[in-house]
Amino acid sequence: MTANFHLYVALSGHGFGHLAQVAPVLNAWRRRYPMGRLTVQSALPKTLLRQRIVGEFTVVAGAADFGMVMVDALEAKVAESLAAYRAFHADWAARLAWQELLLRDAAPDGLLADIPYLTLAAAARLEIPALALCSLNWADILAGYGQNEPDLATLRAPMLAAYQSAVAFLQPAPSMPMPELRNTQPIGPIAALGQNQRAVINRQLSLRGDETLVLMGLGGVDMRPSLEQWPTLPGVYWLTPPAWNTARPDMLDWAGLADLSMVDLIRSCDVLFTKPGYGAFTEAACNGVRVLYVARDDWPEEPWLSRWLLEHGNGVKISRQQLATGELQEPLSELLAQPVKPPVTPTGIGEAVDWLEQLINRSYRRR
């Protein structure tokens, strides 16, 4: 009866972390329901979606949210973001009609949002059972930046109402608190698990194997440090994105490692160099990899991410000044001296699939 259940997934357009968070759940759901149909609404490139989500699915192009307008991977444009939210909500009726049209055309049995509130609001109007899944919500992120804005409550009201309309708002560990929502359900961490392919990397990049290999991954918002100015650290090699065009013998891009997924690269390196973000932190901790991360103290979710990483994994925070200068010998040595903690089990994947199963049952009871 539920074998061909059609699940519609609305994915935030803010960076890559939302895809990293939801993809392991979708892949596990497909294993449990191999005949289930999947539609993904996202502004991310199809090639990127297909790198993370296995099996066939329909892609609906279109962003239902924007999160925050960013300067780069670390800094938000607060004034521009507030202006964008005011414009978004001034045009709310038209945007809602657009989203409802997409949902009517797709005719799903249920919906999973990570975490566009517009899509949840449309699903509620169309009486489509829906779940929200995320470690944050945009209403609380906005409150973290705009607490002194006179129209903050007005801006947040439709956001909170949409999140509250979901059957449940699943909060995978680590999540920021969401005290104004009454439908939150904590679950365990979510992360994809990779395969250690260090031998392949060593062979393809002509490494000896005793180097400290650091994977550079600052997320889906473009940001390239001034690597040319960084000092050379003995025995340390940096694995960088091909688009960064590094031209140093100790900085190797991963263009020649196209057969390896990002999570395989994480699993295979000694250290992940990144910013505070759900996907980066949980994938590192669940794959047993140390994390060197750049301070992002103004991001409202950051305290809960950092606290969880330091409790369950291995991490050291650096300043933005250290990012600029590359003075990383001391924090990297501190990180490598830490006893490695055992990998965290991503129990939230199965828990989220159980909630999707409840959503399926709820959908069929309505018929």
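Summary of the structure given here. (Residues numbered from 1 in each chain as written. Predicted model: local features only at pLDDT ≥ 70, side-chain atom pairs only at ≥ 80, totals over all residues. Heavy atoms only, no water.)

Bringing the overall build of the protein into the picture now. For the protein, the helix and strand inventory stands at 14 helices and 13 strands. The C-alpha atoms of the protein give a radius of gyration of 21 Å, which matches the 21 Å a tight globule of 367 residues would have. Principal axes of the C-alpha set define a box for the protein whose edges measure 65 × 50 × 35 Å. By residue count, 59% of the 367 residues in the protein fall in the buried class. Restricting to contacts in the protein with at least 6 residues of sequence separation, those with at least 24 account for 64%. (Helix = DSSP H or I, 4+ residues; strand = E, 2+ residues; numbered from the N terminus. Rg over C-alpha atoms; globule rule 2.2 N^0.38 Å. Buried < 20%, exposed > 50% of the residue type's maximum accessible area, 1.4 Å probe, protein only. Contact = heavy atoms within 4.5 Å.)

Once that is clear, we can look at the sheet that holds strand 9 (residues 236-240). Taken together, the 6 strands give an open sheet; going across it, the order is 10-9-8-11-12-13, and neighbouring strands pair in parallel fashion. In this open sheet, the two strands that pair with only one neighbour each are strand 10 (251-253) and strand 13 (315-318). In this sheet, adjacent strand axes meet at a mean angle of 25° when their direction is disregarded. Here strand 8 (residues 212-216) pairs with strand 11 (residues 271-274) via 3 bridges, running parallel. Bridging across to strand 11, Val214 finds its partner in Val271. Helix 10 (residues 278-286) contacts strand 11 and strand 12 (290-294) of the sheet and is inclined by roughly 170° relative to strand 11. (Pairing = 2+ DSSP bridges. Axes fitted to C-alpha atoms, helices over the stretch in contact; angles between N-to-C directions.)

For the rest of this paragraph, the subject is the sheet that holds strand 2 (residues 37-42). Either a parallel or an antiparallel arrangement is found when strands of a sheet pair, and the pairing is made through backbone hydrogen bonds. Read across the sheet, 7 strands follow the order 3-2-1-4-5-6-7 without closing on themselves; strand pairing throughout is parallel. Strand pairing shows two members of the sheet lacking a second neighbour, strand 3 (58-61) and strand 7 (184-187), which therefore form its edges. For this sheet the average axis-to-axis angle between neighbouring strands, irrespective of direction, equals 20°. When strand 4 (residues 110-114) meets strand 5 (residues 130-133), the two strands line up parallel, connected through 3 bridges. Following the sheet pairing, Leu111 is matched in strand 5 by Ala130.

Before going further, it helps to spend a moment on the pairing of strand 6 (residues 168-172). For strand 6, the tally of buried residues reaches 5 of 5 residues, placing the bulk of the element in the interior. Burial of the side chains of strand 6 extends over both faces: Ala168, Leu170 and Pro172 are buried on one face and Phe169 and Gln171 on the other. One ladder, built from 4 bridges, connects strand 6 with strand 7; its direction is parallel. Residue Phe169 lies in a different strand from strand 7, and its bridge partner there is Thr184.

Our focus in this paragraph is the side chain of Ser12. Mapped onto the elements, Ser12 comes out in the loop between strand 1 (6-11) and helix 1 (17-32). Residue class for Ser12 comes out buried when judged on its relative accessible area of 0%. Of the polar contacts made by the side chain of Ser12, one reaches the side chain of Asp65; its length is 3.2 Å. With residues near it in sequence (within four places) discarded, Ser12 still touches His18, Asp65, Asp114, Ile115, Pro116 and Trp138. (Polar contact = N/O pair within 3.5 Å; in protein donor to acceptor, adjacent residues only side chain to side chain.)

This part takes up the pattern of salt bridges. Between side chains of opposite charge, a pair can form as their charged atoms come close. Going through the model one piece at a time under the given rule, you end up with 16 salt bridges. Glu283 serves as the salt-bridge partner of Arg52, at 2.7 Å between the closest nitrogen and oxygen. One end of the pair, Arg52, is in helix 2 (residues 46-52); the other, Glu283, is in helix 10, with 231 residues separating them in the sequence. For Glu283, a relative accessible area of 3% gives the class buried. (Salt bridge = Lys/Arg side-chain N within 4 Å of Asp/Glu carboxyl O.)

So, on to the packing of helix 10 against helix 11 (residues 302-312). Interhelical geometry of helix 10 versus helix 11 gives an angle of 5° and a closest axis separation of 10 Å. As the angle between them shows, helix 10 and helix 11 are arranged roughly parallel. Residue-level contacts link Tyr278, Phe281, Thr282 and Ala285 of helix 10 to Leu305, Ser306, Trp308 and Leu309 of helix 11. When its residues are assigned to classes, the contact of helix 10 with helix 11 shows 6 nonpolar, 2 polar and no charged. (Parallel < 35°, antiparallel > 145°, perpendicular 65-115°, else oblique. Nonpolar A, V, L, I, M, F, W, Y, C, P; charged D, E, K, R; others polar.)

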